[in-house]
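Given next are the chains, with one letter for each unit.
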Amino acid sequence: MSERNRTVPRVGMVGGGQLSRMTHQAGIGLGVDFSVLAAGPAESAALVCGDVVLGDDRGLDDVLAFAKANDVVTFDHEHVPEPVLRAVEEAGGLLRPGRGALRFAQDKLRMRTRMTELGAPSPRWRAVTTLDHVAGFAEEGGGWPVVLKAARGGYDGKGVWIVDGAERAREVVDRAAAEEVPLLVEERVDFSRELAVQVARSPHGQVAVYPVVETVQRGGICHEVIAPAPGLSETKAVRAQQLAIEVAQALDVTGMLAVELFETADDVVVNELAMRPHNSGHWSIEGARTSQFEQHLRAVLNLPLGSPRTNAPYTVMANVLGGEDPEVYRRYLHVMAEDPEVKVHFYGKDVRPGRKIGHVTVMGEDHRGLLERARDAATYLRGDD
């Protein structure tokens, strides 16, 4: 480390995706040194970060060496194997969040078990290994469909199967057995919409909770986020925020925690957890006093947390997914001219159909109008008419 930066903390982020890219941007404003461990030079963060280490972001040797070169290490994904995390901590590396917390984001069976122990509202669930297990669970709950989930490795709809009968369940169970993937089965929750709430927690226990947002999912992928969730009762909003704080404290989370929820007729139900910046919080770059990315850095560095208050009555974020036309940049002109208040964020990714390549954000008072504007911009940037 140079003499100039000797007193400046050095944060390393494992993973070179867009979350690292946007965290790096927040780190510039904070004046901290930021390094990223990326699998290749063309990864989203590697294209813009000034300090890039190329290596296996899930491999023992590379992650251990990366941790030794940084004051604190955090993550843009949950896929670093637990034995690697253990070795880093045993060697004196500072991981935030630590291995003890991350295991609940890495393994849905552990997460469900812990949520049950905490009394957090959750779907009825069970670990399963055979078709008979799944069929018995379905029968106990009144029949099909049920939801099968891979305990490890799933994201953006991958590793989740809504099965409507024994034949489809057999296919999933047999495939999981062949790939040695543990499974759990959950009831299909009767929900009205999906919500998410984020909370930041620092090592000395300070917390900052963001407004509850509505997430619009299609095909297992988040397409839009409305912040705050329109029409959500104060009772449910407070319930969701308190639940997120309780989970963060019980699991000893450091950094950002995203709790994805189902809204039911009389409660909110925990769906998934993520211990990092999250797609449901991209709106906060423009829409909150402190973005989730700056907040994550503040938390892992044990700095005082920033205000999560909103900058407008509503902020709407829409993901931009890749289409058939890879020439995205030339479409900026139309979007920016048509609606100068739309903020466009791109991740430097190669365009592939259905891949998240960026997002747009717009703020104002009428969430319905904002949603229409955000959808129009995202659709045009995708290349659709």
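Residues numbered from 1 in each chain as written. Predicted model: local features only at pLDDT ≥ 70, side-chain atom pairs only at ≥ 80, totals over all residues. Heavy atoms only, no water.

A few words now on the overall build of the chain. Tallying secondary structure elements over the chain gives twelve helices and 17 strands in all. At 21 Å, the chain has a C-alpha radius of gyration in line with the 21 Å of a compact globule built from 385 residues. With the C-alpha coordinates aligned to their principal axes, the bounding extent of the chain is approximately 65 × 55 × 40 Å. Going through the 385 residues of the chain one by one, you find that 54% of them count as buried. In the form shown here, the chain has an accessible surface area of approximately 17,000 Å², with 47% of it arising from carbon and sulfur atoms. Charge centroids of the chain, computed over 43 positive and 55 negative side chains, lie 3 Å from each other. (Helix = DSSP H or I, 4+ residues; strand = E, 2+ residues; numbered from the N terminus. Rg over C-alpha atoms; globule rule 2.2 N^0.38 Å. Buried < 20%, exposed > 50% of the residue type's maximum accessible area, 1.4 Å probe, protein only. Areas by Shrake-Rupley, 256 points an atom, 1.4 Å probe, with all protein chains shown as cover. Lys, Arg positive; Asp, Glu negative; His and termini not counted. Charge placed at Lys NZ, Arg CZ, Asp CG, Glu CD.)

If you check UniProt for "binding site: ATP" (unreviewed entry), the listed places come out as Lys108, Lys149, Glu186, Glu187, Arg188, Val189, Glu194, Asn271 and Glu272 in our numbering. Setting aside its immediate chain neighbours within four residues, Glu272 contacts Lys108, Met111, Lys149, Ala258, Val259 and Glu260. Side chain to side chain, Glu272 and Lys149 meet in a polar contact 3.1 Å long. (UniProt positions renumbered as here; feature names shortened; annotations may be inferred. Contact = heavy atoms within 4.5 Å. Polar contact = N/O pair within 3.5 Å; in protein donor to acceptor, adjacent residues only side chain to side chain.)

If you walk through the whole model with that rule in mind, you get 29 salt bridges. Two residues, Arg152 and Asp107, come together in a salt bridge whose shortest N-O distance is 3.4 Å. On the criterion of sequence distance, the pair formed by Arg152 in the loop between β6 (146–150) and β7 (160–163) and Asp107 in the loop between α4 (99–106) and α5 (108–118) is long-range, its members being 45 residues apart. According to the relative accessible area criterion, Arg152 is partly exposed, its value standing at 36%. Each of Glu82, Glu89, Arg99, Asp107, Arg110 and Arg152 takes part in one network of salt bridges that share partners. (Salt bridge = Lys/Arg side-chain N within 4 Å of Asp/Glu carboxyl O.)

This next bit is on the sheet that holds strand β4 (residues 72–75). Spatially, the four strands line up as an open sheet ordered β3-β2-β1-β4, and their pairing is parallel. Both outer strands of the open sheet, β3 (52–54) and β4, are each paired with one neighbouring strand and no more. Within the sheet, the average angular offset between the axes of one strand and its neighbour, ignoring direction, is 25°. The pairing of strand β1 (residues 10–14) with β4 spans four bridges and is classified as parallel. Counterpart to Gly12 in the pairing with β4 is Val73. (Pairing = 2+ DSSP bridges. Axes fitted to C-alpha atoms, helices over the stretch in contact; angles between N-to-C directions.)

Turning next to empty space enclosed by the protein. One pass over the structure, following the stated rule, counts one cavity of 30 Å³ or more. Volume-wise, the largest cavity comes out at about 30 Å³. Around the largest cavity sit Ala196, Val197, Gln198, Tyr210, Pro211, Val213, Ser280, Gly281 and Trp283, which together line it. If one sorts the elements of the lining of the largest cavity by residue count, strand β9 (residues 193–201) sits on top with three residues. Looking at the lining of the largest cavity residue by residue, the classes come out as six nonpolar, three polar and no charged. (1 Å grid on protein atoms, 1.4 Å probe; cavity = no way out; pocket = protein on both sides within 12 Å on 5 of 7 lines; lining within 4 Å. Points joined across faces, edges and corners; volume = space filled by probe spheres on them. Nonpolar A, V, L, I, M, F, W, Y, C, P; charged D, E, K, R; others polar.)

This part is about the side chain of His278. The residue His278 is located in the loop between β14 (268–274) and α9 (284–287) in this model. Among the polar contacts listed, one links the side chain of His278 to the side chain of Ser280, at a separation of 2.8 Å. Here His278 is in contact with Gln198, Ala258, Glu260 and Gln292, once residues within four sequence places are set aside.

Turning next to the confidence of the model for the chain. For the chain, per-residue confidence averages 95 on the pLDDT scale, and 97% of positions sit at 70 or higher. Across residues 1–5 the pLDDT falls below 50, and counting only partners more than four positions away or on other chains, this stretch makes five contacts in the model. (pLDDT = per-residue confidence, 0-100.)

Here the focus is the sheet that holds strand β8 (residues 183–187). Taken in spatial order, the four strands line up as β5-β8-β6-β7 in an open sheet, and their pairing is antiparallel. At either margin of the open sheet sits one strand with a lone partner, and together these are β5 (125–128) and β7. Across the sheet, the mean angle separating the axes of adjacent strands is 25° when strand polarity is ignored.

In this section: helix α12 (residues 367–382). Taking 1.5 Å of rise per residue, the 16 residues of α12 would be expected to cover 22 Å, and the 22 Å separating its terminal C-alpha atoms lies within 8% of that figure. For α12, every residue scored as buried is listed here: His367, Leu370, Leu371, Ala374, Ala377, Ala378 and Leu381. On an axial view of α12, the arc spanned by its buried residues comes to 135°, and they lie on one face. Exposed residues on α12 whose side chains face more than 90 degrees from its buried face are Arg368 and Glu372. Where α12 is buried, its residues contact β12 (221–227), β15 (314–321), α11 (332–338), β16 (343–346) and β17 (356–364). At the N-terminal end of α12, a side-chain oxygen is found 3.2 Å from the backbone nitrogen of Arg368, two or three residues along, and the residue is Asp366. Phi turns positive one or two residues past the end of α12, at Gly383, with a value near 110°. (Expected span 1.5 Å × (residues − 1). Arc of directions from axis to C-beta.)

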